[in-house]
Amino acid sequence: MEPANNRFGGGITSSTIHPAVALALLAAVLLVLFLPRKYVFVAFLPAAFLMTDSQVVVVGGLHFMALRVLTIAGCIRVLASKLASRTAVFAGGVNAIDRAFILCAVCAAVSFMLLYMEAAAAVNRAAYLIDTVGAYALLRFAVRETADIDRMIKVLAAVSIVIAACMVGEQVTGINVFYWAFGGGVRLDGTPMAFSEL
């Protein structure tokens, strides 16, 4: 018997994104595109960690979760920077760690496609490469010096405090407030869920 958790493809057939999340995502995309380089991850990281994967825009059967939309915006920013300037996009240029990360991601994608030998597997792994290599490239582009690392640690600490507060609230009340408040509590038909359904 084939394992039930070893599946890909399918999913919802229409967009399910809460209007508040759509506005927050639009704001984050605009900030990623237009903020100065050293502040790009200040917009990217909170949105990436605080928006749930259940928030999906479906275009032509392809699923664009909030993180994927942000990552694509980030890739556009990196490419625009490369085209606008003769300087290296990454501090110190492409190094051995960059090559190893990309090679690892490509090997994971190719092995998945060889395992399933289906067109849907290629679509799935293309999305995986956008998510992994795209986010890596954006953060590699944004972090160039020690001050950037310090700023990133502060942003991650602030995001962690928000997530921790939501987790404590869930432990005390039994209600996943984070999931509900950020649009995760939406049924497949797009109608919001009640607290009692979470």
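Structure: see above.
The model shown is predicted, which means the values in this text are computed figures rather than measured ones. (Residues numbered from 1 in each chain as written. Predicted model: local features only at pLDDT ≥ 70, side-chain atom pairs only at ≥ 80, totals over all residues. Heavy atoms only, no water.)

Trainee: Help me understand a nonpolar patch on the surface in this model?
Mentor: On the surface, a nonpolar cluster with roughly 530 Å² of combined accessible area is contributed by Phe-101, Ile-102, Val-106, Val-110, Leu-114 and Met-117. Of the residues examined, Leu-114 reaches a relative accessible area of 58% and is grouped as exposed. (Patch = residues over 30% accessible without salt bridge, like charges linked within 9 Å, V, L, I, M, F, W, Y side chains within 5 Å. Areas by Shrake-Rupley, 256 points an atom, 1.4 Å probe, with all protein chains shown as cover. Salt bridge = Lys/Arg side-chain N within 4 Å of Asp/Glu carboxyl O. Buried < 20%, exposed > 50% of the residue type's maximum accessible area, 1.4 Å probe, protein only.)

Trainee: Please clarify how the packing of helix α4 (residues 96-116) against helix α5 (residues 119-142) should be interpreted in this entry.
Mentor: Helix-helix packing is described using two parameters, namely the angle between the two axes and the distance between the axes. Interhelical geometry of α4 versus α5 gives an angle of 170° and a closest axis separation of 9 Å. It follows that α4 is roughly antiparallel to α5 by the angle criterion. For the pair α4 and α5, contact is made by Ile-97, Asp-98, Phe-101, Ile-102, Ala-105, Val-106, Ala-108, Ala-109, Phe-112, Met-113 and Tyr-116 and by Ala-121, Ala-122, Asn-124, Arg-125, Tyr-128, Leu-129, Thr-132, Val-133, Tyr-136 and Arg-140, respectively. Classifying every residue of the contact of α4 with α5 gives 16 nonpolar, 2 polar and 3 charged. (Axes fitted to C-alpha atoms, helices over the stretch in contact; angles between N-to-C directions. Helix = DSSP H or I, 4+ residues; strand = E, 2+ residues; numbered from the N terminus. Parallel < 35°, antiparallel > 145°, perpendicular 65-115°, else oblique. Contact = heavy atoms within 4.5 Å. Nonpolar A, V, L, I, M, F, W, Y, C, P; charged D, E, K, R; others polar.)

Trainee: Honestly, helix α2 (residues 40-50) in this entry has me stumped. Any pointers?
Mentor: Turn by turn, an α-helix covers 3.6 residues, leaving residues three or four places apart pointing in a common direction. Among the 11 residues in α2, 8 count as buried, and that is most of the element. The complete set of buried residues in α2 reads Val-40, Phe-41, Ala-43, Phe-44, Leu-45, Ala-47, Ala-48 and Leu-50.

Trainee: I would appreciate a short explanation of α5 in the present structure.
Mentor: In a regular helix each residue adds 1.5 Å, so 24 residues correspond to 34 Å; α5 covers 34 Å between its end C-alpha atoms and thus fits that length. Within α5 the residues assigned to the buried category are Ala-121, Arg-125, Ala-127, Gly-134, Ala-135, Ala-137, Leu-138, Arg-140, Phe-141 and Ala-142. (Expected span 1.5 Å × (residues − 1).)

Trainee: Sorry, what's going on with the pairing of strand β2 (residues 62-65) here?
Mentor: Every other side chain in a regular strand lies on the same face of the sheet, so the side chains alternate between the two faces. When strand β1 (residues 56-59) meets β2, the two strands line up antiparallel, connected through 4 bridges. Each bridged residue has a counterpart across the sheet, and for Val-59 the counterpart in β2 is Leu-62. (Pairing = 2+ DSSP bridges.)

Trainee: Explain unusual backbone geometry to me, please; I cannot follow it from the model alone.
Mentor: Negative phi values dominate among residues other than glycine, just as trans dominates among peptide bonds. Even without a glycine there, the phi angle at Met-117 is positive, about 50°. Looking at the element boundaries, Met-117 is found in the loop between α4 and α5. Taking relative accessible area as the criterion, Met-117 reaches 64% and is therefore assigned exposed.

Trainee: Please explain the pairing of β1 as it appears in this structure.
Mentor: Here β1 shows a buried face lined by Val-56 and Val-58 and an unburied face lined by Val-57 and Val-59. Counted between consecutive antiparallel strands, the loop separating β1 from β2 contains 2 residues, among which Gly-60 sits at a positive phi close to 60°.

Trainee: Please clarify how the packing of helix α3 (residues 66-84) against α5 should be interpreted in this entry.
Mentor: Viewed as axis vectors pointing N to C, α3 and α5 meet at an angle of 50°, and their least axial separation amounts to 8 Å. Of the possible angle classes, the one that applies to α3 and α5 is oblique. With respect to the hand of their crossing, α3 and α5 are arranged in left-handed fashion. In this structure, α3 uses Arg-68, Thr-71, Ile-72, Gly-74, Cys-75, Arg-77, Val-78 and Ser-81 to contact α5, whose residues at the interface are Ala-127, Ile-130, Asp-131, Gly-134, Ala-135, Ala-137, Leu-138 and Phe-141. Grouping the amino acids of the contact of α3 with α5 by side-chain chemistry returns 9 nonpolar, 4 polar and 3 charged. (Left-handed = near helix turned anticlockwise from the far one by under 90°.)

Trainee: Help me out: how do you make sense of the packing of aromatic side chains in this one?
Mentor: What describes a pair of aromatic rings is the distance from one ring centre to the other and the angle between the planes of the rings. Within this structure, the stated rule accounts for 2 aromatic pairs. With a centroid separation of 4.2 Å and 15° between ring planes, the pair formed by Phe-101 and Tyr-136 is classed as stacked. Remark: Tyr-136 occurs in helix α5 and Phe-101 occurs in helix α4; sequence separation between them is 35 residues. Both rings, one in Phe-112 and one in Tyr-116, keep their centres 4.8 Å apart while their planes meet at 50°; by these two values the pair is tilted. Of the two residues, Phe-112 and Tyr-116 are both situated in helix α4; the distance of 4 residues between them amounts to about one turn of the helix. Residue classification places Phe-112 among the buried positions, given a relative accessible area of 17%. Of note, Arg-125 hangs over the ring of Phe-112, and the distance from its end group to the ring centre comes to 4.1 Å. Seen from the ring of Tyr-128, Arg-125 lies directly overhead, with NZ or CZ sitting 4.5 Å from the centre. (Phe/Tyr/Trp six-rings, centres within 6.5 Å; stacked < 30°, edge-to-face > 60°. Lys NZ or Arg CZ within 6 Å of the ring centre and 35° of its normal.)

Trainee: Can you walk me through the pattern of salt bridges in this structure?
Mentor: Under the definition given, this model contains 4 salt bridges. Salt-bridge contacts for Arg-37 lead to Asp-148; the nearest nitrogen and oxygen are separated by 3.1 Å. Taken as a pair, Arg-37 in the loop between α1 (19-34) and α2 and Asp-148 in helix α6 (residues 146-173) lie far apart in primary sequence, 111 residues in all. Of the charged contacts, one joins Asp-148 and Arg-151 as a salt bridge, the two residues approaching to 2.7 Å between their closest N and O atoms. Taken as a pair, Asp-148 and Arg-151 lie in helix α6 at a separation of 3 residues, close to a single helical turn.

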